[in-house]
Amino acid sequence: MSAAAPDVARLKALVGEAALAYVPPGSVVGVGTGSTVNAFIDALARAKHVIAGAVSSSQASSERLRGHGIPVIDANDVETLQVYIDGADEIDASGCMIKGGGAALTREKIVADLAQRFVCIADGSKLVDVLGRFPLPVEVIPMAAAQVARRFVALGGRPALRAGVVTDNGGQILDVHGLAITDPAALEAEINQWPGVVSVGIFARNRANVCLLGTAAGVRTLT
Ligand code: 5RP
């Protein structure tokens, strides 16, 4: 890394810490997955006595939360969450995201859907004009992988099965390269209709309401 390059781990720690301000005292917090969220969980550990617990989006986050002594609550045992904190692989200026780089997109979308407010935390490199440079993750039922892949080829994409990955739900991940996602909501709705798709890593319907971006100049807040 050059001397001028931003220290990405430091930027993730910065936004992980900043997200604490969005956690209402006494609430159950929705918690995402990934290295940026790990920084948030570590910050949350210091505030664990002021929250009631967390609904987690992956086994990995559940283990980290429990490791800090934070109670993990089943998603079926809450009606709503005031806030969901999660990272992103890409985010645009309207809060639409690509997620699923960590293969947790399905549970992330379930927890996001429970939440009244989605706070995205990311380092500044994740902000893009048009989604799609990051390969789009799609969780599929294994039996449907080849057919869903053919549908993406018909759209001009280049799907690749993520080798050796089985999701927390027993699904497989297709990473689709080469899509320029100019209408995230429309593409999300279309892909959601394909048989065998468990979920697509476009978060347009469940877009972020707030984004805390870590930059060399500090936390930049997008609303
Ligand atoms: C996991 C995700 C993550 O939020 C996304 O991959 C970002 O991860 P990181 O914070 O490690 O950059 O969607 O499925």
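What you are looking at is a predicted structure, and each value in this text was computed from that prediction instead of being measured.

*Asks:* What exactly am I supposed to notice about the packing of helix α2 (residues 35-45) against helix α3 (residues 59-67) here?
*Replies:* Geometry of a packed helix pair, given as the angle between the helix axes and the separation of the axes. With their axes 10 Å apart at the nearest point, α2 and α3 run at an angle of 20° to one another. Compared by their axis directions, α2 and α3 come out roughly parallel. Classified by chirality, the crossing of α3 by α2 is right-handed. In contact with Val 37, Asn 38, Ile 41, Asp 42 and Leu 44 of α2, α3 contributes Ser 61, Arg 64 and Leu 65.

*Asks:* What's the story with the site of the ligand in this structure? I'm lost.
*Replies:* Neighbouring residues of the ligand: 17 residues in total, closest Ser 35, Thr 36, Asp 89, Gly 100 and Lys 126. One of the backbone nitrogen or oxygen atoms of Gly 100 is found 2.8 Å away from an oxygen atom of the ligand. Lys 126 has a polar side-chain atom sitting 2.8 Å from an oxygen atom of the ligand. In isolation the ligand exposes 380 Å². Once the protein is present, 90% of that is buried.

*Asks:* Which parts of the structure should I look at to understand the pattern of salt bridges?
*Replies:* Close approach of charged atoms lets side chains of opposite charge pair. Evaluation of the coordinates by the stated rule reveals seven salt bridges. The salt bridge involving Arg 205 is made with Asp 113; its shortest N-O contact spans 3.2 Å. Residue Arg 205 is found in the loop between β11 (202-203) and β12 (210-215), and its partner Asp 113 is found in helix α4 (residues 105-114); the two are separated by 92 residues along the sequence. Residue Asp 113 is classed as partly exposed on the basis of its relative accessible area, which comes to 45%. A salt bridge links Arg 162 to Asp 175; the shortest N-O distance between them is 2.8 Å. Here Arg 162 is found in the loop between β8 (158-161) and β9 (172-177), whereas its partner Asp 175 is found in strand β9, with 13 residues between them in sequence.

*Asks:* Just checking my understanding: could you explain unusual backbone geometry for this structure?
*Replies:* Comment: phi is negative for the bulk of residues other than glycine, and the bulk of peptide bonds are trans. Of note in this structure, Ala 103 is not a glycine but carries a positive phi near 70°. Mapped onto the fold, Ala 103 is located in the loop between β5 (97-98) and α4. The exposure class assigned to Ala 103 is buried, which follows from its relative accessible area of 13%.

*Asks:* In this structure, what is going on with the sheet that holds strand β7 (residues 136-140)? I would like to understand it.
*Replies:* Consider a sheet: its strands pair through backbone hydrogen bonds, and that pairing is either parallel or antiparallel. Spatially, β8-β9-β7-β10 is the arrangement adopted by the four strands of the open sheet, whose pairing is antiparallel. The sheet is open, and its two edges are formed by β8 and β10 (197-200), each paired on a single side. In this sheet, neighbouring strand axes are inclined to one another by 25° on average, regardless of whether the strands run parallel or antiparallel. Packing of α4 onto the sheet brings it into contact with β7, β9 and β10, and relative to β10 it is tilted by some 70°.

*Asks:* Just to check I follow, could you spell out the packing of helix α1 (residues 8-18) against α2 for this structure?
*Replies:* In the contact formed by α1 and α2, the axes pass within 8 Å of each other and the chain directions differ by 50°. Classified by the angle between their axes, α1 and α2 sit oblique to one another. The interaxial crossing formed by α1 with α2 has right-handed handedness. Residues Lys 12, Ala 13, Val 15, Gly 16 and Glu 17 of α1 lie in contact with α2, whose contacting residues are Ser 35, Thr 36, Ala 39, Phe 40 and Ala 43. Of the residues assigned to the contact of α1 with α2, the class counts are five nonpolar, three polar and two charged.

*Asks:* Explain α3 here, please?
*Replies:* In an α-helix, one turn spans 3.6 residues; hence positions three or four apart end up facing the same way. Among all positions in α3, only Ser 61, Ser 62 and Leu 65 are buried. Buried residues in α3, looked at end-on, bunch into an arc of 100°, giving them a common side. Every exposed residue of α3 that faces more than 90 degrees away from the buried side is listed here: Ala 60, Glu 63 and Gly 67. In the core, the buried residues of α3 are packed alongside β1 (28-31), α2 and β2 (53-56). Trailing α3 by a residue or two, Gly 69 shows a phi angle of about 80°, which is positive.

What counts as what
- Residues numbered from 1 in each chain as written.
- Predicted model: local features only at pLDDT ≥ 70, side-chain atom pairs only at ≥ 80, totals over all residues.
- Heavy atoms only, no water.
- Axes fitted to C-alpha atoms, helices over the stretch in contact; angles between N-to-C directions.
- Helix = DSSP H or I, 4+ residues; strand = E, 2+ residues; numbered from the N terminus.
- Parallel < 35°, antiparallel > 145°, perpendicular 65-115°, else oblique.
- Left-handed = near helix turned anticlockwise from the far one by under 90°.
- Contact = heavy atoms within 4.5 Å.
- Near = heavy atom within 4 Å.
- Polar contact = N/O pair within 3.5 Å; in protein donor to acceptor, adjacent residues only side chain to side chain.
- Areas by Shrake-Rupley, 256 points an atom, 1.4 Å probe, with all protein chains shown as cover.
- Salt bridge = Lys/Arg side-chain N within 4 Å of Asp/Glu carboxyl O.
- Buried < 20%, exposed > 50% of the residue type's maximum accessible area, 1.4 Å probe, protein only.
- Pairing = 2+ DSSP bridges.
- Nonpolar A, V, L, I, M, F, W, Y, C, P; charged D, E, K, R; others polar.
- Arc of directions from axis to C-beta.

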